8 protein chains.
Amino acid sequence: MYSNRSKSSVLPSGGGAALIDPSDALILLLDHQSGLLQTVKDISISDLRRNVEMIAKLAALLEIPVITTASEPAGPNGPLMPEIHDYAPHAVYVPRKGEVNAWDNDDFVAVVRSTERKTLIMAGVWTSVCVMFPALDARAVGYDVYAVLDASGDPSEMASRVSLARFVQGGVKPTSTNALLSELHRTWARPEAADLAKLYGLVAPNYAAVAESYARAQQAAREAA
Amino acid sequence: MYSNRSKSSVLPSGGGAALIDPSDALILLLDHQSGLLQTVKDISISDLRRNVEMIAKLAALLEIPVITTASEPAGPNGPLMPEIHDYAPHAVYVPRKGEVNAWDNDDFVAVVRSTERKTLIMAGVWTSVCVMFPALDARAVGYDVYAVLDASGDPSEMASRVSLARFVQGGVKPTSTNALLSELHRTWARPEAADLAKLYGLVAPNYAAVAESYARAQQAAREAA
Amino acid sequence: MYSNRSKSSVLPSGGGAALIDPSDALILLLDHQSGLLQTVKDISISDLRRNVEMIAKLAALLEIPVITTASEPAGPNGPLMPEIHDYAPHAVYVPRKGEVNAWDNDDFVAVVRSTERKTLIMAGVWTSVCVMFPALDARAVGYDVYAVLDASGDPSEMASRVSLARFVQGGVKPTSTNALLSELHRTWARPEAADLAKLYGLVAPNYAAVAESYARAQQAAREAA
Amino acid sequence: MYSNRSKSSVLPSGGGAALIDPSDALILLLDHQSGLLQTVKDISISDLRRNVEMIAKLAALLEIPVITTASEPAGPNGPLMPEIHDYAPHAVYVPRKGEVNAWDNDDFVAVVRSTERKTLIMAGVWTSVCVMFPALDARAVGYDVYAVLDASGDPSEMASRVSLARFVQGGVKPTSTNALLSELHRTWARPEAADLAKLYGLVAPNYAAVAESYARAQQAAREAA
Amino acid sequence: MYSNRSKSSVLPSGGGAALIDPSDALILLLDHQSGLLQTVKDISISDLRRNVEMIAKLAALLEIPVITTASEPAGPNGPLMPEIHDYAPHAVYVPRKGEVNAWDNDDFVAVVRSTERKTLIMAGVWTSVCVMFPALDARAVGYDVYAVLDASGDPSEMASRVSLARFVQGGVKPTSTNALLSELHRTWARPEAADLAKLYGLVAPNYAAVAESYARAQQAAREAA
Amino acid sequence: MYSNRSKSSVLPSGGGAALIDPSDALILLLDHQSGLLQTVKDISISDLRRNVEMIAKLAALLEIPVITTASEPAGPNGPLMPEIHDYAPHAVYVPRKGEVNAWDNDDFVAVVRSTERKTLIMAGVWTSVCVMFPALDARAVGYDVYAVLDASGDPSEMASRVSLARFVQGGVKPTSTNALLSELHRTWARPEAADLAKLYGLVAPNYAAVAESYARAQQAAREAA
Amino acid sequence: MYSNRSKSSVLPSGGGAALIDPSDALILLLDHQSGLLQTVKDISISDLRRNVEMIAKLAALLEIPVITTASEPAGPNGPLMPEIHDYAPHAVYVPRKGEVNAWDNDDFVAVVRSTERKTLIMAGVWTSVCVMFPALDARAVGYDVYAVLDASGDPSEMASRVSLARFVQGGVKPTSTNALLSELHRTWARPEAADLAKLYGLVAPNYAAVAESYARAQQAAREAA
Amino acid sequence: MYSNRSKSSVLPSGGGAALIDPSDALILLLDHQSGLLQTVKDISISDLRRNVEMIAKLAALLEIPVITTASEPAGPNGPLMPEIHDYAPHAVYVPRKGEVNAWDNDDFVAVVRSTERKTLIMAGVWTSVCVMFPALDARAVGYDVYAVLDASGDPSEMASRVSLARFVQGGVKPTSTNALLSELHRTWARPEAADLAKLYGLVAPNYAAVAESYARAQQAAREAA
């Protein structure tokens, strides 16, 4: 059972015991397609796309594997939002054969298994379908599953609240994009710190203005010195 | 015990292990009556009726049995919304004898049992009463119960949030109409695909416009060719 | 000047002096296109389409002329929502030559003028553009202009509030679909009363349930008699 | 012209110059019917009914004339809410003959004129129709018209905002039930003060609790003395 | 252990197995005081008081015992809202000696125990304190506890959501006033049906208008006969 | 006529021509009483009190005269919030004799007139009453009147929107506390700049954190130098 | 007087008579500074910045002059958001000497006058201050002034509503970023059409997805051909 | 195991069995820094700071130990809000070495352990990161952990809802500042009662006005005696 896997990310203080081990993590981005995005009502399309963009950039920066898939992209559901593969060029795209649930597709599950990673971080449109179904099915066979709610989207606020409850009930761990960033980031004492800092401006746009103010205040102090 | 029933809907990939088995599913539509609809405050009456209409059409299309019932329909509670039996002519109506809780009515429970199906999909008005009471009682005797929150209605936002929590606490699985559609739909590689596609425009009205745009764009491309 | 035109619709009581004269009214439905509909955020797409559907049916029922137009319908903006011409087959479609503002198009203005009607009832997507621009231009040359806010749509709540203010500032009269229905309806003592009654269920969906309850209550009383 | 009428309610300080003169005021309560109330979405039905109840009680207490009317009360629109005539037994009911706009009805206008009062205070359901139409028509012939927005109701928030703008554009003065109470109340130095105090608990339910706390605090002080 | 108590309220169909047994129920109304009511922000004070009024009337009608208590009623917290003892004259008031948590008070717990009832239905202000603390303490010693969220109040929406989650986490069952009414009501085939029907208008004010419309429609049918 | 008064505050650039002249300004704070504050629903009580506190401090800093008054402060309406006279010790309190409208009180109007200032800046609870009535009456005799909406309060969101519309209709200029601060502040090149800067943290609490960040960033730059 | 200036942008149809003449337009971007952005509460910072970015790009594309200014940028207010000068390199920055109101600054007004343009399009933070004050002052000397509400920001929703009302009262025309784009765009039959199309995705992010779907649908049609 | 520790705070009635034992409690205030505060969107910054201020004062009053820490306070994240150490001078500040998760820092965990307290009360910014990570890690090693949601902040409403769910799922107890105050307060029969009473005005600002009204009402009663 994977739950006995020792986590390389647990520190001597005990920190990280309950958190994601980045070396065991696999990101699944499911059906972020232009047509489906129009139906999302629990988050603005710009916030949603910016959050997904952040995940793509984060995965590329920290070298976490990413699998994408799409549901009937030649039909009305439309193409995947291009930011994903633009910012995460290492992502692997797995086509499906009409299955709504990615976990119904043999190829998709095979690629997941081939990574030998047991912590699945999922986001997609709709949350209640494209994330929920593979999340529950993966949980049923022992994966540790995280659902990133605000990098996903549902067609109503009510559906969104229901999805959150159903995830918890099914043993899937709900999270948000900003928490995912911090949970994989872990410490500022690492070489990628400057690049990571920029990602915070994507999940919390006020943070970008904080940084601009900070730089200007320091410049003013130096000029006054 | 039903939980050991093998699901015919589980695929070799493991897909569907945690999802509804359509061949075991029974839909219960409880007290969607014109008078009670006026008291619903957690969803607009037009969204609610359209969601229920979708369930009726879906059940007819996929030949899933439906049982309806009403609470004192000759009194102020009013008649069932006609869309249900219009779009699901195979639905069976069971009158009650004054019981608020459908599960208190012997006839109703007998009809449920006669189907030999163990996965109950319930929706009704009020969520906190007409769905909650039979859901909890059915769960207590081992049924797998789904409550479709947005095909149901409660008299306040607060009551709605409370209902969601009580369902989860009681082991009832909350879901939304769009998720139900997708969970029973399962794959586009089936003969009903075109009919199913139309149902998505009911649970996500933006999707209908997506389809209209798609068709027009293709026509433009063909005309330009 | 049109403002001196005597209104045939003013009653001996003085009723109607400040209201629309149906015989002088012309309805302009501007750019209700599937692609643009996706950008609307101040009203749900289902409410918006149902309101426009109501206007089309009302115009057909009361024989009020309708002009439609679309902005680049072969491009991403997409086709007009089909309900308009389906329910108002007498509507006249005027193609444009790339102009954003319908009033910039000679053909459009010529068709408007040819009706010799001076009360323009406008709706469209976006409110702040497709309705605002021709509304202000038409007002500038003396037309009495009504903007139907909830049969139109804007890309944010803030844009919507701004549009309402700019209409009032510019002398355009804001109205809502339900008010338009009642203002043209005017009295239940007319042959179209039964058909008009059905239209109220479109602008106020609770009203349809009110009517269902009413019919059932009367049936119950008769059965009890 | 009525605008030259001297107001008996203007005080030596100049106070009241811009306010309602109670001796010139006439209250019109239009179509507060049980069926129409179901369609109201810009105020809760309980707040709306309590506000109308307050107006009825206030009119009775201060002996301000009230005229009521209803639209097809034997049909789905339903009966007037009984609180009005219960609490304002002096109110005069004027039946209509199918007219949507009360000002279209000769009898209604005749009764209004017979009071010789020129300040009309109107409320009704829908705001955008049952209040708007007679308000605009009455304003057109010189009446000073007040529309009590929260003793009225519209079928959407957007319709409600539109109604407010159209009233202002048309020279109708918008007001709220609490302001109406205070504007007619005018001073605590009058014999009806105790009765008026109770009415504040209807327009601002927190005020009733304020009064309960006040009485208890005084009792505690007296007991401690 | 109380959980083995046979419920007299379970029907042959199995109905009621998961529901409250009225003969085992005890209602605790905690600190609904005029000063504390001013701090409630998750429900309007009028809705809150009307819901509590309903519980008082329901308890009196069905002869369910009620215990009330107040926190420092001679101080700023103020007196209990008078509706409780007015409408439930059988309610027993237990004074406290400064304890915030009613379960800290020996007298209060003794009165609870003396009823020999094991199903506690609690409401109070604040939800997160006056209901939460005794609810958790009672649950800890084996009581079956229901918290009526909308007959209680918290000082913010966030506090309210937190309270709901903490109840569920602690094994307390959340419910709403309308569900409580229906759960104790159980069937229309009982002598109190007419009185119970009136209570629905308190928890769902639209229902009162539904009933008014129903009566008028039947009258119209009879008059037409 | 006061409108011909030359404004000392108009600069050579033309700046200030349409703005308040501080030397002509008089602040009226009306009925900010603890009991009435409980009934305010269009702004949180903490934001409201902080805004009023800012006005008091601003008036003291810039030596702008302030008049306060209260309605029946020995009764349930309660005492004035103490911050006003604490922070604006120069404010003059004028008791009333039961009048709801301060402009009905001879003493109040006399004190206003004695200042010989013609620009009245008003705030109070309720906006629709305690501010509206004197604002309209003062406007009627030629004063230039500003109503500070967010240093005032109304018993509902709807009443608040109605008040804003009625002010505009009546020629009263609506403003907000932050705008008032800036309009009287006018320039950072003045001796009170540091004190004024602190006031911005009251009307926009994020600004205080901006200033804290700024100081720390400068300190860090200096330490790094 | 500028109002007699003939507009080069009015078409033979009369279109544009009431709209902005691009050749007479001048854009003023006022105090979009990182510190002030933190205080904005009526629009998200990401929407606000994207709208300002759009205006900068539009101005550059259509060669409309832009003037920027900032309030104490070396202090806590912080630097201008860099997007403005990045995307509109032709913009002219005018420093101020501590004045809150840009119209108080001689240099600023001189630069405005030097353009000889009379239609001022303003946006800034705060709306109620940095836009309001120069807007009213400029209007007072005859400029035609537009305030772009959603490219500006206020510290509360209430302040935002108040600002809109005060603009209208003062003769300033309120508009939104999407309307500004369309009003300057005017026709798709121009060489900049493709570049303009991209700007729509900034003011209405759903539009970008509409375009992505359109392109993919056409590709699918071509591939199927 | 700490769960067997006898609680000194359990009363003979059983009261407190499920509540916090103040003598076992330790408060952790994590990263309440001026820069991070700008990114909080689920609570206003003024409410958040006032809640944290209350906790600091409460800890000082009841002598409950407090540990604070900050994430890169010399960088853009900014300094801790000064209220914490101002009002809780006994609080211990533990610097970190770049770790995002305080539980990753050996010093921090060592200080926690040194207190020998097993009930951790945590608040911080962001809730989903700075509170969530140490809360889950501490829970994993057996601490009883409370998360004070409204003394913490997340960058969106959705993130906030997700955090609440993840806390519950992970066995962390969610609470609110007002509940924390009452849970530690426990009884009015203690010497600190007067000081505690003042703290209620911080978590529920209406309560301060309740107290002002109470005092004035008593004064009035005494003066009348």
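Residues numbered from 1 in each chain as written. Chains lettered and ligands numbered in written order. Predicted model: local features only at pLDDT ≥ 70, side-chain atom pairs only at ≥ 80, totals over all residues. Heavy atoms only, no water.

**Examining the relation of the copies chain B and chain A**
Our working definition: When the copies are superposed, the least-squares fit takes in the C-alpha atoms of residues with a pLDDT of at least 70 in both. Contacts are residue-level and defined by heavy atoms, with any inter-residue pair within 4.5 Å sufficient.
Overlay of chain B on chain A (RMSD 0.0 Å): rotation 90°, translation along the axis 0.0 Å. Considering both components of the superposition, the chain copies are consistent with a four-fold axis. In terms of proximity to the rotation axis, the leading residue of chain B is B:A165, whose C-alpha is 5.5 Å off the axis. Looking at chain B, a mere 2% of its interface residues are interface residues in chain A too, so the copies touch through different faces.

**So, unusual backbone geometry**
For clarity, the threshold we go by: Helix numbers and strand numbers start at the N terminus; a helix is a DSSP run of H or I with at least 4 residues, a strand a run of E with at least 2.
E:V125 connects to E:W126 through a cis peptide bond whose omega is 0°. Positionally, E:W126 belongs in the loop between β4 (119-124) and α5 (127-140). Its identity as a non-glycine residue notwithstanding, A:D31 has a phi of 65°, on the positive side. Along the chain, the position of A:D31 falls in the loop between β1 (25-30) and α1 (34-37). Positive phi outside glycine occurs at D:E72, with the angle close to 50°. Positionally, D:E72 belongs in the loop between β2 (66-69) and α3 (83-87).

**Description of the sheet that holds strand β4 (residues 119-124) of chain G**
All names here are of chain G. Using the following cut-off: Any two strands with at least two DSSP bridges between them are considered paired.
Spatially, β3-β2-β1-β4-β5-β6 is the arrangement adopted by the six strands of the open sheet, whose pairing is parallel. The strands lining the two open edges of the sheet, one partner per strand, are β3 (92-93) and β6 (173-175). In this structure, strand β5 (residues 144-148) lies alongside β6, joined through three bridges in parallel fashion. Each bridged residue has a counterpart across the sheet, and for A147 the counterpart in β6 is P174.

**Here we look at the interface of chain H and chain A**
Rule in force here: For any pair of parts, buried area is found by adding up, for both, the accessible area (1.4 Å probe) each one loses once the two are put together. The term salt bridge refers to a pairing of a side-chain nitrogen on Lys or Arg with a carboxyl oxygen on Asp or Glu at a separation within 4 Å. N or O atoms closer than or at 3.5 Å make up a polar contact, with two conditions inside protein: a donor-capable atom paired with an acceptor-capable one, and, for residues adjacent in sequence, both atoms drawn from side chains. Any residue outside Ala, Val, Leu, Ile, Met, Phe, Trp, Tyr, Cys, Pro, Asp, Glu, Lys and Arg is labelled polar, Gly included; the first ten of those are nonpolar and the last four are charged.
Opposite the 38 residues of chain H that make contact, chain A presents 43 residues. Here chain H packs against chain A, burying approximately 3,000 Å² in sum over the two surfaces, 61% of which is carbon and sulfur. Across the chain H-chain A interface, the total number found is three salt bridges. A:E157 is the salt-bridge partner of H:R161, the closest N and O atoms lying 3.8 Å from each other. Remark: the boundary between chain H and chain A carries 17 residue pairs in polar contact (both at pLDDT 80 or more). Looking at the side of chain H that touches chain A, the elements with two or more residues in it are α1 (34-37), α4 (106-114), α5 (127-140) and α6 (157-169) of chain H. Counting residues per element, the side of chain H that touches chain A draws most heavily on α6(H), which supplies seven residues. The residue makeup of the side of chain H that touches chain A, split by class, is 15 nonpolar, 12 polar and 11 charged.

**So, the side chain of D:S213**
The topology assignment puts D:S213 in helix α9 (residues 205-224). Excluding residues within four positions of it along the chain, D:S213 makes contact with E:S34, E:G35, E:G78 and E:P79.

**Things to note about the packing of aromatic side chains**
Residues and elements named next belong to chain C. Short version of the rule: Note on aromatic contacts: the rings of Phe and Tyr and the six-membered ring of Trp form a pair at centre separations within 6.5 Å, being stacked when their planes are under 30 degrees apart, edge-to-face when over 60 apart, and tilted otherwise. The rule is simple: take the accessible area with a 1.4 Å probe, protein chains only, and divide by the maximum for that residue type; under 20% is buried, over 50% is exposed, in between is partly exposed.
One pass over the full model with this rule turns up 32 aromatic pairs over all chains. Aromatic pair W188 and Y200: ring centres 5.6 Å apart, planes at 35°, arrangement tilted. Taken together, the residues span a long stretch of sequence, with W188 in the loop between α7 (177-185) and α8 (193-203) and Y200 in helix α8 at a distance of 12 residues. Note on W188: relative accessible area 17%, which makes it buried.

**Focus: the arrangement of the chains**
With no contact between them, chain A and chain E keep their nearest C-alpha atoms 11 Å apart. These two, chain C and chain H, are apart from each other, with no contact and a minimum C-alpha gap of 18 Å.

**Remarks on the interface of chain B and chain A**
Counting residues at the interface gives 43 residues for chain B, matched by 38 residues for chain A. Here chain B meets chain A over a buried area of about 3,000 Å², counting both sides, of which 61% is carbon and sulfur. If you sort the residues of chain B by the area they bury against chain A, B:S13, B:W188 and B:Y207 come out on top, with a joint share of 18%. Joining chain B to chain A, the criterion identifies three salt bridges. Run the count over chain B and chain A and you get 17 residue pairs in polar contact (both at pLDDT 80 or more).

**Thoughts on the pattern of salt bridges**
Side-chain pairs of opposite charge can arise whenever the charged atoms involved come near each other. The final tally for this structure, using the stated rule, is 88 salt bridges over all chains. Taking the shortest distance from any N to any O, the salt bridge between H:D31 and H:R96 comes out at 2.8 Å. Within this pair, whereas H:D31 is found in the loop between β1 (25-30) and α1, its partner H:R96 is found in the loop between β3 (92-93) and α4, the two being separated by 65 residues in sequence. Taken as a pair, H:D31 and H:R96 share a single burial class, namely buried. Through salt bridges with shared partners, a single network forms among A:R49, A:E83 and G:E212.

**Observations regarding the environment of E:E183**
Mapped onto the secondary structure, E:E183 falls in helix α7 (residues 177-185). With a relative accessible area of 1%, E:E183 lands in the buried category. For the pair E:E183 and E:S9, spaced 174 residues apart in the sequence, the C-alpha separation amounts to 11 Å. Apart from residues no more than four positions distant in its own chain, E:E183 is found in contact with B:F133, B:R166, E:L19, E:I20 and E:Y146.

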